[in-house]
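Summary of structural features
Chain residues, written in single-letter form:
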Amino acid sequence: MTDTMLNSNVAAIDRPVRRDIGIKRRYAAERRFRFYGIVAIAIGIFFLFALLFSVISNGYTAFWQTTIELPVKLDEKVIDPNNQRASNPNVLMTANYPVLVRNALAEKLGVPLTNRPAMRDVSKFVSDGVRNQLREMVVANPSLIGTTQTIPVLAGADIDSAFKGQFDLDVDEANRKVSDQQVAWMKTLSDEGVMKQEFNTGLFTYGASSRPETAGLGVALIGSLYMMLIVLALALPIGVAASIYLEEYARKSRLTDIIEVNINNLAAVPSIVFGLLGLAVFINLAGLPRSASLVGGLVLTLMTLPTIIIATRAALRAVPPSIRAAALGLGASKTQMVFHHVLPLAAPGILTGTIIGLAQALGETAPLLLIGMVAFVVGYPTTPMDPATALPVQIFMWANEAERAFVERTSGAIIVLLLFLAVMNIAAIILRRRVERRW
Amino acid sequence: MSVLLVLLIVLGIGFVGFFIGRRRAGAQDAGKVKVHSRAHYHGWWVFLVSVLPAVLFIAIWSAASSIYLERSAEASLPAQTAESVVASRSLALGMVQGIADGLDRLDPAEMQNLPQSYGELRSLLGSKGVALASEGQDYMIPIAQRWHSGAAVARTIGAGIAFALAIAGLIFGLSGIHPRARARNNVERVVLWGLLAASTIAILTTVGIVFSMLFQTINFFSVVSPWNFFFGTVWDPRFADAGAGATAGQFGLIPLLAGTLYIALVAMLFAVPVGLFAAIYMAEYASPKVRSIVKPLLEILAGIPTIVYGFFALVTVGPFLRDLSAAISGGPGFIMAQSVLTAGLVMGIMLIPFVSSLSDDIITAVPGTMRDGSLGLGATRSETVKRVILPAALPGIVGALLLTASRAIGETMIVVLAAGVAARLTVNPFEAMTTITVKIVNQLTGDLEFNSPQTLVAFALGITLFFLTLAMNIFALYIVRKYREQYE
């Protein structure tokens, strides 16, 4: 009965056709929208991995260096033909050491010394850095002259690249940087176990060089270390002091308002402007030396200050007012309250902010270019007043070199830089997780 | 006696004062009178009164004496330097100062019979590791000698006065110790002044930035008219030989500004959709687990130094785009390895995390009630986002995008490596253009003569960049702040 009634009703009241509100279309739009979001995130993550992949695949080989163990006869006739070294120590400094290595290698490979084209290939086989290597050895211990020493010498940059398999050997011989003869030698030497790849300590110890195989990050690492120490020594106390004043003491006034706006703006000023400031004030006005890590440290300090101040103020604000009230209630003065109670509780947050600020400063390049840190510095800087470079600046300088071996070194240096940054950031995260207190 | 040694001795006197003061204050605390301050506050007060005046004096004295010495040396320079070998008085003064500084390394015997010809002196100092310019003149030596001995006298007098001040302060501080002395309040007042001084450094930095650039810019505009700078369409600074006086270069800002804005536009066109959609997905769709993985991953992009992006553009993206265009056209590629597109694309990658995390914050700040209301009325999530959340968050997002754009405009290392150095006006994104920041770096790296317009123009460019980004930042912060208040 109900059925019939219903049926009759349907027939009687002409029920309106359900209005098409486009559910399907709307759900499709919903799915599309969601898909766009996923695509956007995928793009971001893709580029992150593309960047890391590009750097690592180009750069991991930089941590190995091809060396050749050679018995080198330190021939007196070549080093000191007129036997003057007792009267004139300069003889040992200017002697033709590469010839010794070249001859030793030729002997090893069985190339006659009279075969000039082959000898040219032989001398390109080893790095010109042997000049310094042998000179240091002989000057330190002149009694070695006349003896035969087995020493590991660096392979030339092109040979190094070829040995690592970075050159396409199918290319016509005239169009590539290694000759077939050299490839054959590489094979014999490596079969003998004389030529092999070793961990590249030179990458971390050498200074600037126009030859990739003897170019290293030594000066840059020391320069960056000095700058980080200066930033830490200046930016941390000044930043903490400024934040304490603004957060704990300052009454709302026009001055504090200006300071606040100022700090927020300084955090967003392009870094290169700080370089101009450093050039005009520290170098031109105060007369500090160009290229010195002291100036770099000062510029980076000014850049890092806003970051540290913003982080410190957040950390101070996170300390609950009850702590302050309790300290004051027990008779502490305001200064005692801040320095004995609030500051220790805010310390982990301050430290986290400082590490992040330091990491930013470590990767900063542009302002350092303007204060002359783009310098060809061979010797280690002994004080912060000496010319130095910095890690990112060294990367910039190597990036402008054309040789294949420099691309490898640049990527290797980037890996070193990224590792430092990763360690700092992870330390900051762990510190935050470990010590952070929820009130 | 070097300034550093004097400072150390003054500090030493201060610490002696600290220990004596602390002990004396402790001895007075016999329990008869209620002491006002604990003993170490007395110690610190003695330290402060003996060290602070002396250090302040040293700072003022050394600055004043070096200015005085420089003035008197400048006055004794012979008048003909303008026409002589050395180009300018300031250069000659610099050489004299170089000699005077170098004389520090000589021992007394060598000072007695100082060679009076510049060549001999130069080789003598060269053997001590002091490098002097080759074009110095003999007349500089006596001036440098006077400078050197004057500096020594000034240092000795300064050190004497500084020690006297430190000891006077020490005695004054120690004599003021008695049980009711308000040592704590005194120390705290000094600490408060120290805190205030630290917080004004931020202002000093801004003032320093503006004034240092303003002075150089005014110098620049005395050579090149502002009209030619701001509205010139040709950038051709023509590096003249140092001191040759040829200054006929053209310094037109327009091509640089166009390149800067174009590259920033390309970067924003890439970063804004990607960053915004990523933020929307993370705020509205992603589960907490996905969010906790994806958000840090995207933030890694923000932590990578820009030089690394520059290298990525130079070695990977640029050649890739060039080869890609060559494969498409079948002939030579129409995209250059250094181009607006390369620089913009890589800069866009760098900006993704800025856009996404700033917008994420703003989207999550939209009150949940608005979201629930919309969903309850039957809207789908995407409709809620498009019709309710984005309009509500719009001012904040605009502010965030302005902040991001100002970062794009001020970015240096990516464009230095990826955008090229040719200053030209073009609308083709496949060609190289250059930016303000690239030209600042170009004009200021390498050997430079400080007063040529070729160098000074960098400061004019810098101040333009500074005010451009400052305006954007202030406007953005204003919008963001205003928007935040709306929902709080």
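Remember, predicted model here, so these are calculated numbers, not experimental data.

As for the overall build of chain B
For chain B, the count of helices and strands is 17 helices and 2 strands. If you line up chain B on its principal axes, its C-alpha atoms span 85 × 80 × 40 Å. Each of the 488 residues in chain B was classed as buried or not, and the buried ones make up 47%. A gap of 15 Å separates the mean positions of the 32 positive and 27 negative side-chain charges of chain B.

A few points about the overall build of chain A
Along chain A, the regular secondary structure elements total 19 helices and 3 strands. Of all 439 residues assigned to chain A, the portion counted as buried reaches 49%. Long-range contacts, defined here as pairs at least 24 residues apart, represent 77% of the contacts in chain A between residues at least 6 apart. Accessible surface computed for chain A: about 21,600 Å², of which carbon and sulfur atoms make up 59%.

Quick notes on the domain arrangement of chain A
All names here are of chain A. Parsing chain A into structural domains produces domain 1 (23–60), domain 2 (64–199) and domain 3 (217–435). Taken residue by residue, the interface counts 7 residues in domain 2 and 5 residues in domain 3. At the boundary of domain 2 with domain 3, total buried surface from both sides reaches about 480 Å², with 35% on carbon and sulfur atoms. The interface formed by domain 2 and domain 3 holds 1 salt bridge in total. A salt bridge links Glu408 to Lys164; its shortest N-O distance comes to 2.9 Å. Seen at the junction of domain 2 and domain 3, the total is 2 residue pairs in polar contact (both at pLDDT 80 or more). Classifying every residue of the side of domain 2 that touches domain 3 gives 2 nonpolar, 3 polar and 2 charged.

Digging into unusual backbone geometry
The backbone of Ser291 of chain A sits at a positive phi, close to 65 degrees, despite the residue not being glycine. Along the chain, the position of Ser291 of chain A falls in the loop between helix H13 (271–285) and helix H14 (293–318).

Regarding the confidence of the model for chain B
All names here are of chain B. Of the residues in chain B, 92% reach a pLDDT of 70 or more, and the chain-wide mean stands at 85. Per-element confidence in chain B ranges from a low mean pLDDT of 72 for helix H4 (residues 108–112) to a high of 94 for helix H9 (residues 254–285). Note on residues 82–86: pLDDT is under 50 here. Beyond four places in sequence and across chains, it has 8 contacts. A low-confidence stretch, residues 241–247 (pLDDT under 50), is modelled with 5 contacts involving residues beyond four sequence positions or located in other chains.

Considering the confidence of the model for chain A
In the predicted model, chain A carries a mean pLDDT of 85, and the fraction of residues at 70 or more is 95%. Here helix H1 (residues 2–12) of chain A stands out as the least confident element of chain A, with mean pLDDT 51; helix H15 (residues 321–329) of chain A is the most confident, with 94.

Some words on the pairing of strand S1 (residues 64–73) of chain A
Here S1 of chain A pairs with strand S3 (residues 195–199) of chain A via 5 bridges, running antiparallel. Directly across from Gln65 of chain A, in S3 of chain A, lies its bridge partner Glu198 of chain A.

Structural notes on the interface of chain A and chain B
Between chain A and chain B, the contact holds 74 residues from the first and 79 residues from the second. Looking at the side of chain A facing chain B, the largest losses of area belong to Phe33, Leu51 and Leu276 of chain A, adding up to 10% of the total buried there. Where chain A meets chain B, there are 1 salt bridge. Broken down by element, the residue count for the side of chain A that touches chain B peaks at 21 residues, all from helix H2 (residues 23–59) of chain A.

A look at the UniProt feature "transmembrane region" (unreviewed entry) in chain A
Here the UniProt-annotated "transmembrane region" (unreviewed entry) positions come out as residues 33–56, 225–246, 266–288, 294–316, 337–359 and 412–431 of chain A. Summarising residues 266–288 of chain A: 70% helix, 0% strand, and an end-to-end C-alpha distance of 24 Å.

Observations regarding the UniProt feature "domain: ABC transmembrane type-1" (unreviewed entry) in chain A
Mapped onto the present numbering, the UniProt feature "domain: ABC transmembrane type-1" (unreviewed entry) falls at residues 221–427 of chain A. Helix makes up 77% of residues 221–427 of chain A and strand 0%, whereas the separation of the span's terminal C-alpha atoms amounts to 20 Å.

Thresholds, definitions, all that
- Residues numbered from 1 in each chain as written.
- Chains lettered and ligands numbered in written order.
- Predicted model: local features only at pLDDT ≥ 70, side-chain atom pairs only at ≥ 80, totals over all residues.
- Heavy atoms only, no water.
- Helix = DSSP H or I, 4+ residues; strand = E, 2+ residues; numbered from the N terminus.
- Buried < 20%, exposed > 50% of the residue type's maximum accessible area, 1.4 Å probe, protein only.
- Lys, Arg positive; Asp, Glu negative; His and termini not counted.
- Charge placed at Lys NZ, Arg CZ, Asp CG, Glu CD.
- Contact = heavy atoms within 4.5 Å.
- Areas by Shrake-Rupley, 256 points an atom, 1.4 Å probe, with all protein chains shown as cover.
- Domains from an automatic or database assignment.
- Buried area = accessible area lost by both parts, 1.4 Å probe.
- Salt bridge = Lys/Arg side-chain N within 4 Å of Asp/Glu carboxyl O.
- Polar contact = N/O pair within 3.5 Å; in protein donor to acceptor, adjacent residues only side chain to side chain.
- Nonpolar A, V, L, I, M, F, W, Y, C, P; charged D, E, K, R; others polar.
- pLDDT = per-residue confidence, 0-100.
- Pairing = 2+ DSSP bridges.
- UniProt positions renumbered as here; feature names shortened; annotations may be inferred.

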